[in-house]
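For reference, the chains in residue letters:
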Amino acid sequence: MTDLPTAAVTAKAGTPPPDTPREDLEASTGSSTALLRTIVGSVLRPIGGWMSASGAVYLLGALGIPASTARSSLARLCARGVLERRSLGDAAGYALDPGALPMLERGDARIFTAVDADAPASWCLVSFSLPEHQRARRHQLRRRLSALGCGTVADGLWIAPARLEAELSETIDELGMRDQAVLFTHAIALGDLSDALPRWYDLAAIRAAYDGFLARHAYPVADLDPTSDTTPRDAFARWVRALDEWRVIPYLDPGLPLAALPSDWPGAAASVTFAAMRARLEPVAISYAAAVAAPDQTAPPPARANERAAAR
């Protein structure tokens, strides 16, 4: 899945490590490229890591993306090192770039791992100080910490739930900042966290993300039944759009303690909805993608007239 890629980089002192293609966190959702990244993360690996070119265009067509835009998005992800062009026999297609696999696995761990929000709160702290002539490196570190789900205690002091320890340590190493950034682990906050969290995190923005997801996807569970009138193509589109919207939320809320959040916090309801959608729709979406674009497919299956029009 899409997450914060962390390809190793080497930097000279005072020079920000160059952003590699896979370091770009596709923070926005809903764009053709973001939806393609979600397809790559959610269905490309289960169907063998390769998809035909025509099948890839057809899958994006199920999401209402025109063929020309789909081809541009495919080229963009090749340039970013997420996909690579690869033919199988006479069939042109795209394969997952091996270098992108760790990124996707880290995304899986963040997106699909349930967080015990009732567990006692334990924290990591990242303290750093970089001189003004290294402001580009300072900006990059802040960007990465924010993307990982850290909150801001002070200008050079960031905080995150203890479960982010490995990701934070890895990020500091990759940016070559062991001399400038110090990671403190297993910190216990004394005092009223319900007053502190709104200072550290933008709770209004996190709430809005949860509320938006529920507004668009909190249907009765019966509506998710793949044996209903919903076609596999519709189920595929519904799952990909839901996952594309959800995948950024665990980075906005990396597991903030429930006891310190407002009593009407929507996180639990949104998590239950996402889990129900995954259980009902993900297997159908993978099967549909396999039928359309897997290695033993060289062309998408016949479509009804309205589906063909949507794919064009």
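Residues numbered from 1 in each chain as written. Predicted model: local features only at pLDDT ≥ 70, side-chain atom pairs only at ≥ 80, totals over all residues. Heavy atoms only, no water.

Asker: Is there a simple way to explain the packing of helix H5 (residues 135-148) against helix H6 (residues 165-174) in this structure?
Answerer: Angle between the axes and distance between the axes: these two values describe a pair of packed helices. Between H5 and H6, whose axes approach to 11 Å, the crossing angle comes to 160°. Compared by their axis directions, H5 and H6 come out roughly antiparallel. Taken as a pair, H5 and H6 cross one another with a handedness that is right-handed. On H6, the residues that touch Arg144, Leu145 and Leu148 of H5 are Glu167, Leu168, Thr171 and Glu174. (Axes fitted to C-alpha atoms, helices over the stretch in contact; angles between N-to-C directions. Helix = DSSP H or I, 4+ residues; strand = E, 2+ residues; numbered from the N terminus. Parallel < 35°, antiparallel > 145°, perpendicular 65-115°, else oblique. Left-handed = near helix turned anticlockwise from the far one by under 90°. Contact = heavy atoms within 4.5 Å.)

Asker: How should the pairing of strand S3 (residues 93-96) be read in this particular structure?
Answerer: Remark: a regular strand shows side chains that alternate across the two faces of the sheet. Side chains Gly93 and Ala95 of S3 all project onto a buried face; the interleaved residues Tyr94 and Leu96 project onto the opposite face, where all are buried too. One ladder, built from three bridges, connects strand S1 (residues 50-52) with S3; its direction is antiparallel. Looking at S3, one finds that Ser52 is bridged to Gly93. With three bridges joining them, strand S2 (residues 83-85) and S3 adopt antiparallel strand pairing. Counted as the bridge partner of Leu83 is Leu96 from S3. (Buried < 20%, exposed > 50% of the residue type's maximum accessible area, 1.4 Å probe, protein only. Pairing = 2+ DSSP bridges.)

Asker: Would you explain the state of the cysteines in this entry?
Answerer: One way to say it: the disulfide is the covalent bond shared by the sulfur atoms of two cysteines. On inspection of all chains with the given rule, the structure shows zero disulfides. Here Cys124 is not cross-linked by a disulfide; its sulfur's nearest cysteine counterpart is in Cys150, at 8.3 Å. Since its relative accessible area comes to 8%, Cys150 is described here as buried. (Disulfide = S-S within 2.5 Å.)

Asker: Is there a simple way to explain the packing of aromatic side chains in this structure?
Answerer: Pairs of aromatic rings are described using the distance from one ring centre to the other and the angle between the two planes. Applying the stated rule across the entire model yields nine aromatic pairs. For the ring pair Tyr210 and Trp246, a centre distance of 6.2 Å and an interplane angle of 50° mean the geometry is tilted. With Tyr210 in helix H8 (residues 203-217) and Trp246 in helix H9 (residues 232-246), the pair connects residues that are 36 residues apart, well separated along the chain. A relative accessible area of 6% places Trp246 in the buried class. Ring geometry for Tyr210 and Trp265: centres 6.0 Å apart, planes at 80°, overall edge-to-face. Residue Tyr210 is found in helix H8, and its partner Trp265 is found in the loop between helix H10 (249-252) and helix H11 (267-293); the two are separated by 55 residues along the sequence. Aromatic rings pair up to connect Phe112, Tyr210, Phe213, Trp239, Trp246, Trp265 and Phe274 into one cluster. For the cation-ring pair, Arg233 lies above Tyr58, with the distance from its terminal atom to the ring centre recorded as 5.4 Å. Above the ring of Phe112, the side-chain terminus of Arg278 is found at 3.9 Å from the ring centroid. (Phe/Tyr/Trp six-rings, centres within 6.5 Å; stacked < 30°, edge-to-face > 60°. Lys NZ or Arg CZ within 6 Å of the ring centre and 35° of its normal.)

Asker: How should I be thinking about the sheet that holds strand S7 (residues 181-187) in this particular structure?
Answerer: Strand pairing in a sheet relies on backbone hydrogen bonds. The paired strands run either parallel or antiparallel. A sheet is described by the order of its strands in space; here four strands give the open sequence S5-S6-S4-S7, paired in antiparallel fashion. Only two strands of the sheet have a single partner each, and these edge strands are strand S5 (151-154) and S7. With strand direction ignored, the average angle separating the axes of adjacent strands in the sheet is 25°. Pairing between S5 and strand S6 (residues 157-161): three bridges, direction antiparallel. Bridging from a neighbouring strand, Thr152 pairs with Trp158 of S6. Across the sheet, H6 lies against strand S4 (123-128), S6 and S7, angled at about 170° from S7, the strand it touches most. The sheet contacts of helix H7 (residues 193-200) involve S4, S5 and S6, and relative to S5 the element is tilted by about 100°.

Asker: Explanation requested: the pattern of salt bridges in the structure shown.
Answerer: Side chains that differ in sign of charge can pair as their charged atoms come close. Under the criterion given, the structure shown has 13 salt bridges. Here Asp155 makes a salt bridge to Arg142, at a shortest N to O gap of 2.7 Å. Linking Asp155 in the loop between S5 and S6 with Arg142 in helix H5, this pair joins segments that are 13 residues apart in sequence. Between Asp244 and Arg247 there is a salt bridge, with the nearest N and O atoms lying 3.0 Å from each other. Given a relative accessible area of 2%, Asp244 falls into the buried group. Residue Arg247 is classed as buried on the basis of its relative accessible area, which comes to 1%. Overlapping salt bridges, with partners in common, bring together Glu132, Arg135 and Arg138 in one network. (Salt bridge = Lys/Arg side-chain N within 4 Å of Asp/Glu carboxyl O.)

Asker: I tried to follow the packing of helix H2 (residues 53-61) against H11 on my own but got confused; where do I start?
Answerer: For the pair H2 and H11, interaxial distance at closest approach is 8 Å and the crossing angle is 140°. One way to sum up the angle between H2 and H11 is to call them oblique. On H11, the residues that touch Gly55, Ala56, Tyr58 and Leu59 of H2 are Tyr288, Ala289, Val292 and Ala293. Tallied by class, the residues present in the contact of H2 with H11 amount to seven nonpolar, one polar and no charged. (Nonpolar A, V, L, I, M, F, W, Y, C, P; charged D, E, K, R; others polar.)

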